Amino acid sequence: MAEEEKREEKRYVGVKENLAYGFANAGQVFGYNLNSYFSLFFTKVFCIPQQAVSRMILFLGIWDTVNDPIMGGIIDKTRTRYGKLRPYLLIVPIPLAIATVMLFSGPIVMQDVKSTTAKIVYMYISYFVWELLYTLGDVPFWGLSSAISPLPSDRTRAISTARFISSLIGGLSTTLLVLLMDGSENDIISMSLPQVFCLISIISACFIICLFSLAGTQCKERVVQTVKDPSILAGFKVLVKNKPLLMIVVGNVLSTITAISGAFETYYYAEVINLNSLKILITLPGTIFGFATYLLIPKLQKRFDNRQIVFLNGIVRAIVSVIVFLIGMNYYNDFKVVVPLLLVQNLIFSFFNTVNMVIPTEMIADTIDYMEWKTGERNEGVSFSVLTFVSKLTGSVASSICTAILPIIGLTYKSVGSETVTVKGDNTDLYIWAFFTVIPYVLGLVSLIPYFFYDLTGKKLKRIRDDMAVRRVDNAKAVSGGASDE
């Protein structure tokens, strides 16, 4: 008992390493947050037909469902003196920075090209390369959250630090973007929308190189891997046998419905309110409040287990969304009504959004421990590839669905000379308000169903953690050149 208490008191990850992991996430997220503007960027800025954009985002989103787990399997098979995760984090930042600039510079690179087909080809290639490189960095980055320490408390601190700092810094990219977009469209600054997106991509590239690289240079892998070099196929077989992880996967896939709200949010501020930067006013109080939420997560976990927190998150957001829609359904373009209404909604959502950025990641780490307890092998690569591919899949599918729905509800774009003109139907604004506020959250309740079958809670989870703490001591003795406890 004394040894167990001593083990729990020891912290493997210091403040400096936690901060490095957090700032690395901020550098990565700074550029990736721009994906919420993909639909608007490709249709309105790059002037590519909506149907082509919708098909591309959906097609490459589906590709990610194959690409991410394959990459995860390759990572699990990797054995180097730097570990199996860090080598990728050392290599990826520079090519990812270049790919980010090339993706969002498309309208400038192709400005003299009249062929729509050529633009579509450029869109496919640049988007494919960008997503592939994000996979090469994202899967090992979140895998490191499990391997950075054998202690759940260390992992929670690392994940919380990463999410906190990325929220604080990573969100600045979209803040700057909407300010520059409004400045461009209202002739406040002498920049076109293509130039705005190009500038943001260059700034994002700098953040990727300077901050994301910290994950590979400043962080360690401390959870010792098995001596056996697993095959990629074996990794996938373990994944199929991991029932708790499969339940998380199914739940996250179903949550794609909820992600549609974020895709329509962009169009609400751009085309209904006609003021992109209003989003800053609406989200700022919630963002500030969300920072305090990180301090409340340990207290929340003392009262509820992770599965109960997931249920609470989905149900509260659905109830709030119905109330917001009903109050604003006749005033969705009235600033006096929607500003305070959306402020309150965002304050409530910010609490659960913050919790939702930590809890699922921690739950996946628990499923990795579960399979190591059950089979003797760890599969951070394959397991966390699930988190990354589902995240990208939900974003891609949501953007694709949103883009496909736009012409159905009457929103289209047409080129008039050198400018892009918005065309809307009689009820287009109301439909956008509904898809932004209520429809995704109510339908998204189906994503809670799989969690009824998730059982890594209570005494079972405690027994697994206690057994693994003892077993890892034996593993460390068996592996030459094992990870350091420092």
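The structure presented is a predicted model; accordingly, all values stated were derived computationally and were not measured.

Brief notes about the confidence of the model for the chain
- Residues at a pLDDT of 70 or more form 86% of the chain, whose mean pLDDT is 82.
- Within the chain, helix H6 (residues 93-104) carries the highest mean pLDDT (95), whereas helix H1 (residues 2-9) carries the lowest (46).
- Contacts of residues 479-486 to residues separated by more than four positions or lying in other chains number 14 contacts, the stretch itself having pLDDT below 50.

Quick word on the packing of helix H16 (residues 278-303) against helix H18 (residues 335-375)
- At their nearest, the axes of H16 and H18 sit 7 Å apart, and the two run at 35° to each other. Considering how the two elements wind past one another, H16 and H18 form a crossing that is right-handed.
- When the residues that make up the contact of H16 with H18 are grouped by side-chain class, the tally is 19 nonpolar, nine polar and one charged.

As for unusual backbone geometry
- The phi dihedral of Cys 47 is positive, around 60°, even though this residue is not glycine.
- For Cys 47, the position within the fold is in the loop between helix H3 (38-45) and helix H4 (50-77).
- Positive phi, close to 60°, is recorded for Asp 187, a residue that is not glycine.
- With respect to the secondary-structure elements, Asp 187 resides in the loop between helix H10 (172-185) and helix H11 (193-212).

Side note on a nonpolar patch on the surface
- A cluster of nonpolar side chains, contributed by Trp 63, Val 121, Ile 125, Phe 128 and Val 129, occupies part of the molecular surface with about 400 Å² of accessible area.
- The dominant element in the nonpolar patch, judged by the number of residues it contributes, is helix H8 (residues 116-147), at four residues.
- You can see Val 129 is positioned in helix H8.
- We classify Val 129 as partly exposed; its relative accessible area is 33%.

Remarks on the nonpolar core
- In terms of nonpolar packing, the biggest core is built from 95 residues, with Phe 42, Phe 264, Tyr 268, Leu 342 and Trp 433 touching the most fellow members.
- Of the residues forming this core, the biggest block, 11 residues, is contributed by H8.
- Apart from the residues lying within four places of it in its own chain, the contact partners of Trp 433 are Tyr 268, Val 324, Phe 325, Gly 328, Met 329, Tyr 332, Val 338, Leu 341, Leu 342 and Val 438.
- The next biggest cluster of nonpolar side chains, apart from the first, holds 27 residues, and it includes Val 310, Val 358, Ile 368 and Met 468.

Some words on the pattern of salt bridges
- Counted under the stated rule, the structure contains nine salt bridges.
- The salt bridge partner of Glu 271 is Lys 44, with a shortest N-O separation of 3.4 Å. Of the two residues, Glu 271 is situated in helix H15 (residues 256-272) and Lys 44 in helix H3; the sequence distance between them amounts to 227 residues.
- The class for Lys 44 is buried, based on a relative accessible area of 12%.

Here we look at helix H17 (residues 306-328)
- Here H17 spans 33 Å end to end across 23 residues, near enough to the 33 Å set by a 1.5 Å rise per residue.
- The distance from a side-chain oxygen at the start of H17 to the backbone nitrogen of Arg 307 is 3.1 Å, and the residue carrying that oxygen is Asp 305.

Brief notes about the packing of aromatic side chains
- Enumeration over the complete set of coordinates arrives at 31 aromatic pairs.
- Ring geometry for Phe 46 against Tyr 122: centres 6.2 Å apart, planes inclined by 80°, an arrangement best described as edge-to-face. With Phe 46 in the loop between H3 and H4 and Tyr 122 in helix H8, this residue pair connects regions lying 76 residues apart in the sequence.
- Overall, the relative accessible area of 2% leaves Phe 46 in the buried class.
- Judged by relative accessible area, Tyr 122 falls into the buried class, the value being 14%.
- An angle of 35° between the planes, with centres 6.3 Å apart, marks the rings of Tyr 370 and Trp 373 as tilted. Of this pair, Tyr 370 and Trp 373 both sit in helix H18, three residues apart, which is roughly one turn of that helix.
- Among the residues examined, Tyr 370 registers a relative accessible area of 8% and is labelled buried.

Conventions used here
Residues numbered from 1 in each chain as written. Predicted model: local features only at pLDDT ≥ 70, side-chain atom pairs only at ≥ 80, totals over all residues. Heavy atoms only, no water. pLDDT = per-residue confidence, 0-100. Helix = DSSP H or I, 4+ residues; strand = E, 2+ residues; numbered from the N terminus. Contact = heavy atoms within 4.5 Å. Axes fitted to C-alpha atoms, helices over the stretch in contact; angles between N-to-C directions. Left-handed = near helix turned anticlockwise from the far one by under 90°. Nonpolar A, V, L, I, M, F, W, Y, C, P; charged D, E, K, R; others polar. Patch = residues over 30% accessible without salt bridge, like charges linked within 9 Å, V, L, I, M, F, W, Y side chains within 5 Å. Areas by Shrake-Rupley, 256 points an atom, 1.4 Å probe, with all protein chains shown as cover. Salt bridge = Lys/Arg side-chain N within 4 Å of Asp/Glu carboxyl O. Buried < 20%, exposed > 50% of the residue type's maximum accessible area, 1.4 Å probe, protein only. Core = buried A, V, L, I, M, F, W, Y, C linked by side-chain atoms within 4.5 Å. Expected span 1.5 Å × (residues − 1). Polar contact = N/O pair within 3.5 Å; in protein donor to acceptor, adjacent residues only side chain to side chain. Phe/Tyr/Trp six-rings, centres within 6.5 Å; stacked < 30°, edge-to-face > 60°.

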